[in-house]
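Observations on chain architecture
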Amino acid sequence: MKYFLIAGEASGDLHASNLMLALQAQDTQAEFRFFGGDLMQAAGGTLIKHYREMAYMGVLPVLLHARTILHNMKCCREAIRTYRPDVVILVDYPGFNLRIAKYVKTKCHIPVYYYISPKIWAWKKYRIRAFRRHVDRMFCILPFEKAFYRSLDYPVDYVGNPSVDSVATYREKCRDGKSDSPQDGRPDESPLIAILAGSRRQEIRKNLPALMDAALSFPEYRCVIAGAPGLEKDDYAKYMNGRNVPVVFGQTYTLLENSHTALVTSGTATLETALFRVPQVVCYSFPGGWLVNFIYRHFFHAPYISLVNLIGGREIVQELFGAKFSRKRIRAELKRLLHEPAYRRQMQDGYDEVIRLLGQPGASQRTAGLIVEALK
(Lines give C-alpha, C1' and ligand atoms only; values in the text may rest on other atoms or scores of the structure.)
Protein backbone atom coordinates (compact mmCIF):
# COMPACT_ATOMS: atom_id res chain seq x y z
CA MET A 1 0.00 0.00 0.00
CA LYS A 2 1.00 3.63 -0.50
CA TYR A 3 1.30 5.86 2.57
CA PHE A 4 1.68 9.64 2.73
CA LEU A 5 2.83 11.01 6.11
CA ILE A 6 3.19 14.56 7.42
CA ALA A 7 5.35 15.42 10.45
CA GLY A 8 6.20 19.07 11.07
CA GLU A 9 8.85 18.93 13.80
CA ALA A 10 11.63 16.80 15.30
CA SER A 11 9.45 14.75 17.68
CA GLY A 12 7.01 14.00 14.87
CA ASP A 13 9.90 12.89 12.66
CA LEU A 14 10.99 10.41 15.36
CA HIS A 15 7.54 8.95 16.00
CA ALA A 16 6.61 8.84 12.30
CA SER A 17 9.87 7.05 11.44
CA ASN A 18 9.12 4.35 14.02
CA LEU A 19 5.60 4.00 12.64
CA MET A 20 7.02 3.63 9.12
CA LEU A 21 9.32 0.82 10.24
CA ALA A 22 6.38 -0.90 11.94
CA LEU A 23 4.25 -0.53 8.78
CA GLN A 24 7.05 -2.06 6.70
CA ALA A 25 7.11 -5.06 9.04
CA GLN A 26 3.36 -5.64 8.54
CA ASP A 27 3.00 -4.55 4.92
CA THR A 28 5.80 -5.83 2.70
CA GLN A 29 4.50 -3.69 -0.19
CA ALA A 30 4.59 -0.45 1.79
CA GLU A 31 5.67 2.67 -0.11
CA PHE A 32 6.14 6.08 1.51
CA ARG A 33 6.19 9.72 0.56
CA PHE A 34 6.28 12.32 3.28
CA PHE A 35 6.85 15.74 4.73
CA GLY A 36 9.24 14.98 7.60
CA GLY A 37 12.89 14.73 8.53
CA ASP A 38 16.10 12.74 8.51
CA LEU A 39 14.78 9.84 10.57
CA MET A 40 11.82 9.31 8.25
CA GLN A 41 14.17 9.48 5.28
CA ALA A 42 16.38 6.82 6.88
CA ALA A 43 13.31 4.59 7.28
CA GLY A 44 12.78 4.66 3.50
CA GLY A 45 10.65 6.40 0.91
CA THR A 46 10.70 9.86 -0.65
CA LEU A 47 11.19 13.03 1.39
CA ILE A 48 9.32 15.88 -0.28
CA LYS A 49 9.81 18.67 2.27
CA HIS A 50 11.97 18.76 5.42
CA TYR A 51 10.30 19.91 8.65
CA ARG A 52 13.02 22.56 9.03
CA GLU A 53 11.22 24.44 6.24
CA MET A 54 7.90 24.17 8.09
CA ALA A 55 8.47 24.60 11.84
CA TYR A 56 7.09 28.07 12.56
CA MET A 57 5.61 28.44 16.04
CA GLY A 58 3.80 31.42 17.53
CA VAL A 59 1.73 34.20 16.01
CA LEU A 60 4.56 36.48 14.82
CA PRO A 61 6.73 33.80 13.13
CA VAL A 62 3.64 32.44 11.36
CA LEU A 63 2.71 35.92 10.09
CA LEU A 64 6.26 36.66 8.97
CA HIS A 65 6.48 33.38 7.05
CA ALA A 66 2.89 33.24 5.80
CA ARG A 67 3.96 33.07 2.16
CA THR A 68 6.27 30.12 2.85
CA ILE A 69 3.57 28.30 4.82
CA LEU A 70 1.03 28.78 2.02
CA HIS A 71 3.59 27.52 -0.50
CA ASN A 72 4.26 24.45 1.66
CA MET A 73 0.52 23.68 1.84
CA LYS A 74 0.17 24.01 -1.92
CA CYS A 75 3.18 21.74 -2.41
CA CYS A 76 1.72 19.19 0.02
CA ARG A 77 -1.71 19.17 -1.62
CA GLU A 78 -0.16 18.70 -5.05
CA ALA A 79 2.08 15.87 -3.80
CA ILE A 80 -0.91 14.01 -2.35
CA ARG A 81 -3.02 14.59 -5.46
CA THR A 82 -0.38 13.20 -7.81
CA TYR A 83 0.73 10.32 -5.54
CA ARG A 84 -2.82 9.11 -4.77
CA PRO A 85 -1.88 7.22 -1.58
CA ASP A 86 -4.11 4.63 0.08
CA VAL A 87 -4.07 6.71 3.26
CA VAL A 88 -2.73 10.03 4.58
CA ILE A 89 -1.28 9.79 8.10
CA LEU A 90 -0.96 13.05 10.02
CA VAL A 91 1.39 13.33 13.01
CA ASP A 92 0.43 16.07 15.52
CA TYR A 93 1.24 19.56 14.01
CA PRO A 94 -2.45 20.60 13.86
CA GLY A 95 -2.24 24.08 12.32
CA PHE A 96 -0.91 22.61 9.09
CA ASN A 97 -2.30 19.10 9.24
CA LEU A 98 -5.97 19.92 9.82
CA ARG A 99 -6.00 22.09 6.70
CA ILE A 100 -4.48 19.24 4.72
CA ALA A 101 -7.04 16.83 6.22
CA LYS A 102 -9.88 18.99 4.93
CA TYR A 103 -8.40 19.03 1.42
CA VAL A 104 -7.77 15.27 1.39
CA LYS A 105 -11.29 14.39 2.53
CA THR A 106 -13.21 16.89 0.39
CA LYS A 107 -11.11 16.87 -2.79
CA CYS A 108 -9.23 13.57 -2.91
CA HIS A 109 -11.61 11.30 -0.94
CA ILE A 110 -8.70 9.43 0.64
CA PRO A 111 -8.81 8.05 4.22
CA VAL A 112 -7.18 10.34 6.80
CA TYR A 113 -5.68 8.88 9.98
CA TYR A 114 -4.18 10.94 12.80
CA TYR A 115 -1.30 9.60 14.90
CA ILE A 116 -0.62 11.59 18.10
CA SER A 117 -3.56 13.83 18.88
CA PRO A 118 -3.14 17.59 19.03
CA LYS A 119 -3.63 18.89 22.57
CA ILE A 120 -7.22 20.04 22.17
CA TRP A 121 -7.87 18.86 25.74
CA ALA A 122 -5.75 21.88 26.81
CA TRP A 123 -7.02 24.49 24.36
CA LYS A 124 -8.92 24.82 21.07
CA LYS A 125 -11.50 22.18 21.93
CA TYR A 126 -13.51 23.46 18.97
CA ARG A 127 -11.13 21.53 16.70
CA ILE A 128 -13.17 18.43 17.47
CA ARG A 129 -15.48 19.59 14.66
CA ALA A 130 -12.61 19.29 12.17
CA PHE A 131 -11.75 15.82 13.47
CA ARG A 132 -15.34 14.64 13.07
CA ARG A 133 -15.55 15.93 9.51
CA HIS A 134 -12.12 15.17 8.12
CA VAL A 135 -10.31 12.52 10.24
CA ASP A 136 -11.43 8.92 9.86
CA ARG A 137 -9.46 7.53 12.79
CA MET A 138 -7.43 8.91 15.67
CA PHE A 139 -4.60 7.03 17.41
CA CYS A 140 -3.80 8.61 20.80
CA ILE A 141 -0.64 8.24 22.89
CA LEU A 142 -1.83 9.61 26.25
CA PRO A 143 -4.13 7.37 28.33
CA PHE A 144 -6.48 10.15 29.50
CA GLU A 145 -7.21 11.19 25.89
CA LYS A 146 -9.51 8.22 25.33
CA ALA A 147 -11.94 9.37 28.05
CA PHE A 148 -11.64 12.98 26.88
CA TYR A 149 -12.68 12.13 23.34
CA ARG A 150 -15.37 9.77 24.56
CA SER A 151 -16.90 12.74 26.41
CA LEU A 152 -17.08 14.50 23.02
CA ASP A 153 -18.65 11.45 21.36
CA TYR A 154 -15.60 10.83 19.18
CA PRO A 155 -14.16 7.29 19.47
CA VAL A 156 -10.36 6.97 19.41
CA ASP A 157 -7.77 4.25 19.98
CA TYR A 158 -5.19 4.48 22.77
CA VAL A 159 -2.15 2.69 21.34
CA GLY A 160 0.45 3.28 24.05
CA ASN A 161 3.15 5.93 24.24
CA PRO A 162 6.17 6.17 21.90
CA SER A 163 8.39 7.46 24.71
CA VAL A 164 7.84 4.16 26.52
CA ASP A 165 9.03 2.40 23.37
CA SER A 166 12.08 4.66 22.99
CA VAL A 167 13.19 4.19 26.59
CA ALA A 168 12.62 0.42 26.39
CA THR A 169 14.72 0.24 23.20
CA TYR A 170 17.48 2.28 24.83
CA ARG A 171 17.53 0.05 27.90
CA GLU A 172 17.59 -3.08 25.75
CA LYS A 173 20.71 -1.78 24.02
CA CYS A 174 22.28 -1.06 27.42
CA ARG A 175 21.14 -4.28 29.12
CA ASP A 176 24.76 -5.26 29.87
CA GLY A 177 25.13 -2.26 32.19
CA LYS A 178 24.72 1.48 32.39
CA SER A 179 26.06 3.52 29.52
CA ASP A 180 28.97 5.86 30.11
CA SER A 181 28.24 8.95 32.15
CA PRO A 182 28.57 12.24 30.21
CA GLN A 183 31.95 13.69 31.04
CA ASP A 184 32.85 17.25 31.95
CA GLY A 185 36.28 16.79 33.54
CA ARG A 186 35.07 15.97 37.05
CA PRO A 187 35.21 12.58 38.77
CA ASP A 188 32.43 10.15 37.91
CA GLU A 189 31.25 10.01 41.51
CA SER A 190 30.12 13.65 41.45
CA PRO A 191 26.30 13.47 41.02
CA LEU A 192 24.65 15.01 37.98
CA ILE A 193 21.98 17.66 37.55
CA ALA A 194 20.56 17.43 34.03
CA ILE A 195 19.20 20.54 32.31
CA LEU A 196 16.64 20.04 29.54
CA ALA A 197 15.86 23.62 28.58
CA GLY A 198 13.61 23.03 25.57
CA SER A 199 13.78 22.05 21.92
CA ARG A 200 13.47 25.47 20.27
CA ARG A 201 15.81 28.45 20.24
CA GLN A 202 13.30 30.75 21.91
CA GLU A 203 12.86 28.22 24.73
CA ILE A 204 16.62 28.07 25.26
CA ARG A 205 16.77 31.86 25.36
CA LYS A 206 13.97 32.14 27.94
CA ASN A 207 14.73 29.17 30.16
CA LEU A 208 18.43 28.31 30.11
CA PRO A 209 19.94 31.23 32.11
CA ALA A 210 17.64 30.71 35.12
CA LEU A 211 18.01 26.92 35.06
CA MET A 212 21.80 27.19 34.92
CA ASP A 213 21.88 29.70 37.79
CA ALA A 214 19.81 27.34 39.94
CA ALA A 215 21.90 24.27 39.15
CA LEU A 216 25.24 26.05 39.64
CA SER A 217 24.10 27.13 43.11
CA PHE A 218 25.04 23.60 44.22
CA PRO A 219 28.76 23.26 43.37
CA GLU A 220 28.96 19.74 44.77
CA TYR A 221 26.93 18.59 41.76
CA ARG A 222 27.90 18.43 38.12
CA CYS A 223 25.67 20.27 35.66
CA VAL A 224 25.18 19.01 32.08
CA ILE A 225 22.85 20.39 29.40
CA ALA A 226 21.00 18.10 26.99
CA GLY A 227 21.33 19.53 23.49
CA ALA A 228 18.13 19.38 21.42
CA PRO A 229 17.99 17.93 17.88
CA GLY A 230 18.41 20.59 15.23
CA LEU A 231 20.27 22.98 17.55
CA GLU A 232 24.01 23.60 17.91
CA LYS A 233 26.37 24.48 20.75
CA ASP A 234 26.31 28.14 19.72
CA ASP A 235 22.56 28.20 20.36
CA TYR A 236 23.38 27.50 24.01
CA ALA A 237 26.70 29.33 24.41
CA LYS A 238 25.18 32.78 23.82
CA TYR A 239 23.07 32.40 26.99
CA MET A 240 25.74 30.82 29.24
CA ASN A 241 27.66 34.04 30.03
CA GLY A 242 30.99 32.31 29.57
CA ARG A 243 30.30 29.58 32.11
CA ASN A 244 31.81 26.24 31.16
CA VAL A 245 28.83 23.90 31.33
CA PRO A 246 28.97 20.98 28.87
CA VAL A 247 26.27 20.52 26.26
CA VAL A 248 25.82 16.96 24.99
CA PHE A 249 23.91 16.09 21.84
CA GLY A 250 22.29 12.77 21.03
CA GLN A 251 22.82 11.55 24.61
CA THR A 252 19.69 12.69 26.43
CA TYR A 253 18.75 9.20 27.62
CA THR A 254 22.34 8.51 28.72
CA LEU A 255 22.30 11.79 30.61
CA LEU A 256 18.98 11.03 32.31
CA GLU A 257 19.98 7.51 33.24
CA ASN A 258 23.03 8.86 35.02
CA SER A 259 21.39 11.92 36.60
CA HIS A 260 20.48 12.50 40.22
CA THR A 261 17.96 15.29 39.52
CA ALA A 262 16.76 17.30 36.51
CA LEU A 263 15.48 20.75 35.58
CA VAL A 264 13.09 20.29 32.68
CA THR A 265 10.89 22.49 30.52
CA SER A 266 7.38 21.25 29.81
CA GLY A 267 6.85 18.75 27.01
CA THR A 268 7.79 15.18 26.19
CA ALA A 269 11.03 15.66 28.15
CA THR A 270 9.09 15.73 31.44
CA LEU A 271 7.63 12.32 30.63
CA GLU A 272 10.98 10.87 29.53
CA THR A 273 12.53 12.11 32.78
CA ALA A 274 9.78 10.33 34.72
CA LEU A 275 10.34 7.10 32.78
CA PHE A 276 13.93 7.18 34.04
CA ARG A 277 12.55 7.92 37.53
CA VAL A 278 14.71 11.07 37.86
CA PRO A 279 13.19 13.63 40.28
CA GLN A 280 12.58 16.87 38.40
CA VAL A 281 11.43 20.46 38.55
CA VAL A 282 9.26 21.53 35.61
CA CYS A 283 10.17 25.11 34.66
CA TYR A 284 8.88 27.24 31.81
CA SER A 285 9.28 30.98 31.37
CA PHE A 286 6.39 32.88 29.80
CA PRO A 287 6.26 36.64 29.28
CA GLY A 288 3.45 38.20 31.25
CA GLY A 289 3.97 36.61 34.68
CA TRP A 290 0.78 36.65 36.73
CA LEU A 291 -1.31 37.39 33.62
CA VAL A 292 -0.19 34.08 32.10
CA ASN A 293 -1.30 32.21 35.22
CA PHE A 294 -4.65 34.04 35.23
CA ILE A 295 -5.29 33.16 31.58
CA TYR A 296 -4.24 29.58 32.19
CA ARG A 297 -6.57 29.15 35.18
CA HIS A 298 -9.59 30.70 33.48
CA PHE A 299 -9.28 29.82 29.80
CA PHE A 300 -7.37 26.54 29.53
CA HIS A 301 -9.08 23.20 29.97
CA ALA A 302 -6.09 21.28 31.40
CA PRO A 303 -5.28 21.48 35.12
CA TYR A 304 -1.51 21.02 34.56
CA ILE A 305 1.13 21.81 31.94
CA SER A 306 3.37 18.76 32.41
CA LEU A 307 2.54 15.35 30.96
CA VAL A 308 3.57 13.69 34.23
CA ASN A 309 0.85 15.47 36.21
CA LEU A 310 -1.72 15.21 33.42
CA ILE A 311 -1.31 11.44 33.16
CA GLY A 312 -1.13 10.95 36.91
CA GLY A 313 -4.19 13.17 37.44
CA ARG A 314 -2.54 15.00 40.33
CA GLU A 315 0.49 17.13 41.20
CA ILE A 316 3.43 14.75 41.12
CA VAL A 317 6.05 17.32 40.06
CA GLN A 318 6.21 21.05 40.78
CA GLU A 319 5.31 23.27 37.81
CA LEU A 320 7.04 26.66 37.93
CA PHE A 321 5.73 28.74 35.04
CA GLY A 322 4.47 32.26 34.48
CA ALA A 323 4.61 34.21 37.74
CA LYS A 324 5.95 31.11 39.54
CA PHE A 325 9.05 30.98 37.32
CA SER A 326 11.95 32.58 39.19
CA ARG A 327 15.51 31.70 40.09
CA LYS A 328 14.59 31.73 43.80
CA ARG A 329 11.72 29.28 43.42
CA ILE A 330 13.68 26.97 41.13
CA ARG A 331 16.60 26.89 43.58
CA ALA A 332 14.28 26.19 46.51
CA GLU A 333 12.55 23.28 44.77
CA LEU A 334 15.86 21.91 43.49
CA LYS A 335 17.27 22.05 47.02
CA ARG A 336 14.39 19.90 48.29
CA LEU A 337 15.00 17.31 45.59
CA LEU A 338 18.73 17.23 46.27
CA HIS A 339 18.54 17.00 50.06
CA GLU A 340 15.20 15.44 51.07
CA PRO A 341 15.17 11.67 50.34
CA ALA A 342 11.52 11.27 51.41
CA TYR A 343 10.45 13.99 48.98
CA ARG A 344 12.34 12.27 46.17
CA ARG A 345 10.74 8.90 46.97
CA GLN A 346 7.28 10.47 46.98
CA MET A 347 7.85 11.81 43.47
CA GLN A 348 9.24 8.49 42.24
CA ASP A 349 6.17 6.69 43.65
CA GLY A 350 4.09 9.03 41.51
CA TYR A 351 6.25 8.16 38.50
CA ASP A 352 5.54 4.47 39.07
CA GLU A 353 1.80 5.14 38.81
CA VAL A 354 2.32 7.10 35.58
CA ILE A 355 4.40 4.24 34.14
CA ARG A 356 1.63 1.78 35.02
CA LEU A 357 -1.01 3.94 33.33
CA LEU A 358 1.07 4.28 30.16
CA GLY A 359 1.21 0.52 29.68
CA GLN A 360 3.67 -1.69 27.83
CA PRO A 361 5.90 -0.76 24.86
CA GLY A 362 4.63 -1.32 21.32
CA ALA A 363 2.81 1.89 20.32
CA SER A 364 4.18 1.92 16.78
CA GLN A 365 3.44 -1.76 16.22
CA ARG A 366 -0.11 -1.49 17.56
CA THR A 367 -0.81 1.58 15.44
CA ALA A 368 0.61 -0.03 12.31
CA GLY A 369 -1.49 -3.15 12.89
CA LEU A 370 -4.69 -1.12 13.24
CA ILE A 371 -3.90 0.91 10.11
CA VAL A 372 -3.10 -2.10 7.94
CA GLU A 373 -6.14 -4.00 9.20
CA ALA A 374 -8.46 -1.02 8.53
CA LEU A 375 -7.10 -0.44 5.01
CA LYS A 376 -7.52 -4.09 4.08
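See the structure above.
Now for a look at the structure at hand. (Residues numbered from 1 in each chain as written. Predicted model: local features only at pLDDT ≥ 70, side-chain atom pairs only at ≥ 80, totals over all residues. Heavy atoms only, no water.)

1. Here's the deal with the sheet that holds strand 10 (residues 247-249)
Formally: Each pair of strands is called paired provided DSSP finds at least two bridges between the two strands. In DSSP terms, a helix is any run of H or I states spanning at least four residues, a strand is any run of E spanning at least two, and both are numbered starting from the N terminus. Note on method: axes are straight lines fitted to C-alpha atoms, helices fitted across the in-contact stretch only, with angles between N-to-C directions ranging 0 to 180 degrees.
Read across the sheet, 6 strands follow the order 10-9-8-11-12-13 without closing on themselves; strand pairing throughout is parallel. Looking at which strands have only one partner, the edges of the open sheet turn out to be strand 10 and strand 13 (319-321). Neighbour-to-neighbour, the strand axes of this sheet turn through a mean angle of 25°, independent of strand direction. Strand direction decides the pairing type here: strand 9 (residues 222-227) and strand 10, joined by 3 bridges, are parallel. Paired with alanine 226 across the bridge in strand 10 is valine 248.

2. Points about the nonpolar core
For clarity, the cut-off: The criterion is simple. A nonpolar core is a set of buried Ala, Val, Leu, Ile, Met, Phe, Trp, Tyr and Cys residues joined through side-chain atoms within 4.5 Å. Think of it in three bands: with a 1.4 Å probe and only protein chains considered, a residue is buried below 20% of the maximum accessible area for its type, exposed above 50%, and partly exposed in between. Every residue pair with non-hydrogen atoms within 4.5 Å of one another is taken to be in contact.
Counting 131 residues, the largest nonpolar core has Tyr3, Leu5, Phe131 and Tyr149 as the members making the most contacts within it. The residues contacting phenylalanine 131, other than those within four sequence positions of it, are Leu98, Tyr114, Pro118, Ile120, Met138, Tyr149 and Tyr154.

3. Notes on the packing of helix 8 (residues 162-173) against helix 12 (residues 268-275)
What counts here: Orientation is classified from the angle alone, with under 35 degrees giving roughly parallel, over 145 giving roughly antiparallel, 65 to 115 giving roughly perpendicular, and any other angle giving oblique. By convention, the crossing between two helices is left-handed when the near helix turns anticlockwise from the far helix through less than a right angle, and right-handed when the turn is clockwise. Amino acids outside the nonpolar list (Ala, Val, Leu, Ile, Met, Phe, Trp, Tyr, Cys, Pro) and the charged list (Asp, Glu, Lys, Arg) are all regarded as polar, and Gly is one of them.
Contact pair helix 8 / helix 12: the axes reach a minimum separation of 10 Å and the direction vectors enclose 45°. On the basis of the axis angle, helix 8 is oblique to helix 12. Between helix 8 and helix 12 lies a crossing of right-handed hand. Residues Ser163, Val164, Val167 and Arg171 of helix 8 lie in contact with helix 12, whose contacting residues are Thr268, Leu271, Glu272 and Leu275. A per-class count over the contact of helix 8 with helix 12 returns 4 nonpolar, 2 polar and 2 charged.

4. Some details on unusual backbone geometry
You will see that tyrosine 93, though not glycine, has its phi angle at about 50°, which is positive. Tyrosine 93 gets classed as buried once you look at its relative accessible area, which sits at 11%. Residues other than glycine seldom take positive phi values, yet arginine 277 does so here, at roughly 60°. With respect to the helices and strands, the residue arginine 277 is situated in the loop between helix 12 and strand 12 (280-284). Overall, the relative accessible area of 32% leaves arginine 277 in the partly exposed class.

5. Description of a positive patch on the surface
The following threshold applies: Patch definition: residues with relative accessible area over 30% and no salt bridge; like charges joined within 9 Å; nonpolar side chains (Val, Leu, Ile, Met, Phe, Trp, Tyr) joined within 5 Å. All accessible areas in this document rest on Shrake-Rupley with a 1.4 Å probe, and a residue is counted as covered only by the protein chains that are shown. Salt bridge, as applied in this entry: a Lys or Arg side-chain nitrogen positioned within 4 Å of an Asp or Glu carboxyl oxygen. His is not counted, nor are the chain ends, whereas Lys and Arg count as positive and Asp and Glu as negative. Note that the charge is assigned to NZ on lysines, CZ on arginines, CG on aspartates and CD on glutamates.
A surface patch of positive charge is lined by Lys102, Lys107, Arg129, Arg132 and Arg133. At the level of elements, helix 5 (94-108) and helix 6 (128-134) are the ones that each hand at least two residues to the positive patch. Broken down by element, the positive patch gets its largest block of residues, 3 residues, from helix 6. Mapped onto the secondary structure, lysine 107 falls in helix 5. Taking relative accessible area as the criterion, lysine 107 reaches 61% and is therefore assigned exposed.

6. Notes on the sheet that holds strand 3 (residues 46-50)
Read across the sheet, 7 strands follow the order 3-2-1-4-5-6-7 without closing on themselves; strand pairing throughout is parallel. Because the sheet does not close on itself, it has two edges, and the strands there are strand 3 and strand 7 (157-158). Relative to strand 4 (residues 87-91), strand 1 (residues 2-7) runs parallel, the two being bridged by 5 bridges. When the bridges of strand 4 are listed, phenylalanine 4 appears paired with valine 88. Taken strand by strand, helix 1 (residues 10-26) contacts strand 1, strand 2 (31-36), strand 4 and strand 5 (112-115), and its axis lies near 165° from that of strand 1.

7. Let's talk about the layout of surface pockets
If a probe as big as a water molecule is rolled over the atoms, it shows which places are left empty. Note the cut-off: Put plainly, a pocket is an open set of points on a 1 Å grid over the protein atoms alone with protein on both sides within 12 Å along at least five of seven lines, a cavity is a set where a 1.4 Å probe fits but cannot get out, and a lining residue has an atom within 4 Å of a point. Grid points are joined across faces, edges and corners, and a volume is the space filled by probe spheres set on the points.
Roughly 260 Å³ of internal volume is contained in the second largest pocket. Lining the second largest pocket are Pro94, Gly95, Leu98, Arg99, Lys102, Lys124, Tyr126, Arg127, Arg129, Ala130, Arg133 and His134. Those elements giving two or more residues to the lining of the second largest pocket turn out to be helix 5 and helix 6. The dominant element in the lining of the second largest pocket, judged by the number of residues it contributes, is helix 5, at 5 residues.

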